[in-house]
Amino acid sequence: MEPRRQFASDNYSGICPEAWAAMAEANSGHVRSYGDDPWTDKASTLIRDTFETDCEVFFVFNGTAANSLALASLCQSYHSILCHELAHLETDECGAPEFFSNGTKVLLLPGENGKIRPESIEQMVKRRTDIHFPKSRVLSITNATEVGTVYSADEVKAIGAAAKKLNLHLHMDGARFANAVASLKVSPAEVTWKAGVDVLCFGGSKNGVALGEAVIFFNKPLAEEFDYRCKQSGQLASKMRFLSAPWVGMLQDGAWLRYAESANRMAELMHQKLSEIPGLQILFPRQVNSVFVQLSQPVIDAMHAKGWIFYGFIGKGGCRLMCSWDTTGEDVEQFVTDLKSLL
Ligand SMILES: *Cc1c(COP(=O)(O)O)cnc(C)c1O
């Protein structure tokens with residue numbers, strides 16, 4: 001029997017048909033290796049089309065590498081990187097950003113609903129400007145955020161303006177960028193380079209490909225020698241076509257947005273059904289493909305015993321229920337029915 005679809009993470013899902021078909025299509029004959037192939041070329045062109053701008057594109061194996069290598073290319077070891085205290089790069093990357101940038105300090109900013117406020121950036125940068133403290137050079141924001149909220153185009157613009165004024169490069173962790181775009185109903189350009197983003201790590205695996213993220217430099221000079229960084233860190237795939245072809249499948253007819261919209265819609269359904277249960281506390285505004293809900297430990301244990309897997313350690317506690325590209329309404333129904341039977 002096929003294992004049940006879960007709400008633990010969107011990386012529990014398999015590969016969507018479009019990405020799978022593109023991989024199968026790419027699996028024909030010999031082509032050049034290390035990215036010098038027609039698939040990588042086409043995927044990069046489709047990314048430029050999607051963002052309506054010329055940009056430098058690189059494909060790496062995962063999000064930790066994408067973030068760390070991108071950040072390392074934006075600063076020196078004596079600099080600092082500012083991010084939200086719940087940012088994946090701080091909480092879930094095992095110190096990789098510091099490692100790949102040879103010790104750059106990461107400074108944490110507070111902020112409601114997983115989001116940084118522009119004022120707090122200046123406060124942090126101005127707190128210390130003497131030679132004895134690392135100089136601020138990079139600001140990183142996550143869109144959609146770790147707690148399932150989004151920065152609107154105007155909010156990114158305000159943050160971009162604050163960053164520019166303080167001479168900071170702006171990085172965006174877009175592990176769930178597709179879900180953010182689907183939620184905001186804006187063009188990808190509007191929430192990235194037009195708002196001041198220098199580099200975007202565009203997530204593929206949570207969107208429906210097998211693995212791989214695209215590192216997109218809108219500020220092209222910052223991409224100088226990034227290929228060497230990828231190679232040195234073991235992130236240059238020799239059979240690159242299998243990392244890039246799925247992006248062709250996702251982007252050429254809009255599958256990436258359709259799946260993100262579907263995952264968002266399923267989370268909306270989950271949110272609606274949970275909201276109808278008296279006494280249940282929902283933790284953050286539901287804006288993308290996740291719902292955070294407070295459950296007691298006995299209920300959590302009983303749901304686990306019924307075979308449901310979900311996490312309770314992400315964000316600020318509470319259980320995160322994450323929908324994927326293939327989550328169905330029945331999946332949501334089943335989960336809620338089981339939960340109701342325990343309350
Ligand atoms: C999943 C995720 C990543 C990437 O994680 P990897 O496991 O390294 O691929 C990066 N940022 C955020 C916010 C994520 O949720």
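What counts and how
- Position numbers for residues count from 1 along each chain, tracking the sequence in the order it is written.
- Local features in this predicted model are restricted to residues of pLDDT 70 or higher, and side-chain atom pairs are both shown and tallied only at a pLDDT of 80 or more, whereas totals for entire chains, interfaces and linings draw on every residue.
- Side-chain measures were taken over the full set of non-hydrogen atoms in the model, leaving aside hydrogen atoms and water.
- A pair of strands is labelled paired if DSSP reports no fewer than 2 bridges between them.
- A run of H or I in DSSP counts as a helix once it spans at least four residues, and a run of E counts as a strand once it spans at least two, with each numbered from the N terminus.
- Note on contacts: a residue pair is in contact if any heavy atoms of the two residues lie within 4.5 Å.
- Angles run from 0 to 180 degrees between N-to-C directions of axes, and those axes are lines fitted to C-alpha atoms, restricted for helices to the stretch in contact.
- The span you would expect from a helix comes to 1.5 Å times its residue count less one.
- Partly exposed describes any residue whose relative accessible area lies between the buried limit of under 20% and the exposed limit of over 50%, with all areas from a 1.4 Å probe on protein chains only and scaled to the type maximum.
- In these notes, residues near a molecule or strand are those with any non-hydrogen atom within 4 Å of it.
- Counting of polar contacts relies on pairs of N or O atoms within 3.5 Å, with two restrictions inside protein: one atom must be capable of donating a hydrogen and the other of accepting it, and residues adjacent in sequence are counted only when both atoms are side-chain atoms.
- Working definition of accessibility: Shrake-Rupley area with a 1.4 Å probe, residue cover restricted to the visible protein chains.
- Under the convention adopted here, Pro, Cys and the residues Ala, Val, Leu, Ile, Met, Phe, Trp and Tyr are nonpolar, Asp, Glu, Lys and Arg are charged, and Gly plus all remaining residues are polar.
- Two rings from Phe, Tyr or Trp (for Trp, the six-membered ring) form a pair when their centres are within 6.5 Å of each other. A pair whose planes differ by under 30 degrees is stacked, one over 60 is edge-to-face, and the rest are tilted.
- Each salt bridge in this description consists of a side-chain nitrogen of Lys or Arg and a carboxyl oxygen of Asp or Glu lying within 4 Å of one another.
- What fixes the domain bounds is an automatic or database domain assignment.
- Defined in terms of a 1.4 Å probe, buried area is the accessible area two parts forfeit on being brought together, summed over both.

Visitor: Hey, could you go over the sheet that holds strand E8 (residues 281-282) for me, with residue numbers and the actual values?
Guide: Spatial ordering of the open sheet is given by E8-E9-E10, a layout of three strands whose pairing is antiparallel. Two strands close off the open sheet at either side, each with one partner strand: E8 and strand E10 (319-322). As defined by bridge partners, strand E9 (residues 290-294) adjoins E10 across four bridges and the pair is classed as antiparallel. Across the sheet, the residue bridging to Val 291 is Leu 321, located in E10. In the packing of helix H11 (residues 255-275) onto the sheet, contacts are made with E8, E9 and E10, and the angle to E9 comes to roughly 25°.

Visitor: Describe helix H7 (residues 153-165), naming the residues involved and giving the relevant values.
Guide: When the terminal C-alpha atoms of H7 are compared, their 18 Å separation across 13 residues agrees well with the 18 Å that a helix rising 1.5 Å per residue should span. If you check which residues of H7 are buried, you get Ala 153, Val 156, Ile 159, Gly 160, Ala 162 and Ala 163. Buried positions along H7 lie against helix H6 (118-127), strand E4 (135-142) and strand E5 (169-174). Following H7 by one or two positions, Asn 167 has its phi on the positive side, about 60°.

Visitor: Help me get a handle on the site of the ligand, residues and values and all.
Guide: Lining the immediate surroundings of the ligand are Asn 62, Gly 63, Thr 64, Asn 67, His 88, Glu 93, Thr 142, Glu 146, Asp 173, Ala 175, Arg 176 and Lys 206. Take Thr 64: an N or O atom from its side chain is 2.5 Å from an oxygen atom of the ligand. Burial of the ligand by the surrounding chains reaches 82%, relative to a free accessible area of 390 Å². No other element matches helix H3 (residues 63-72), which puts three residues into the shell around the ligand. Among the residues forming the shell around the ligand, the class breakdown is one nonpolar, six polar and five charged.

Visitor: So, the packing of aromatic side chains: which residues are in play, and what are the values?
Guide: As enumerated under the stated definition, the model contains 18 aromatic pairs in all. Taking the centre distance of 6.3 Å and the plane angle of 75° together, the rings of Tyr 12 and Tyr 311 count as edge-to-face. Placement of the pair is Tyr 12 in the segment before helix H1 (17-26) and Tyr 311 in the loop between helix H12 (297-305) and E10, with a sequence separation of 299 residues. For Tyr 12, a relative accessible area of 38% corresponds to the partly exposed category. Residue classification places Tyr 311 among the partly exposed residues on the basis of a relative accessible area of 23%.

Visitor: So what's going on with the pattern of salt bridges? Which residues, and what values?
Guide: Scanning all chains against the criterion turns up 13 salt bridges. A salt bridge links Glu 18 to Arg 258; the shortest N-O distance between them is 3.8 Å. Taken together, the residues span a long stretch of sequence, with Glu 18 in helix H1 and Arg 258 in helix H11 at a distance of 240 residues. Asp 253 is the partner of Arg 258 in a salt bridge, and the nearest nitrogen-oxygen pair spans 3.6 Å. A relative accessible area of 40% means that Arg 258 is categorised as partly exposed. Here the salt bridges share partners, and the residues they tie into one network are Glu 2, Arg 5 and Asp 331.

Visitor: Describe the domain arrangement of the chain, listing the residues and the values that go with them.
Guide: The assigned domain composition of the chain is domain 1 (17-251) and domain 2 (255-340). One C-alpha centre belongs to domain 1, the other to domain 2; they are set 27 Å apart. Counting residues at the interface gives 26 residues for domain 1 and 23 residues for domain 2. Summing both partners gives a buried area of about 2000 Å² for domain 1 against domain 2, and 60% of it is carried by carbon and sulfur. Taken together, the connections running from domain 1 to domain 2 amount to one salt bridge. Linking domain 1 with domain 2 are nine residue pairs in polar contact (both at pLDDT 80 or more), by the criterion used here.

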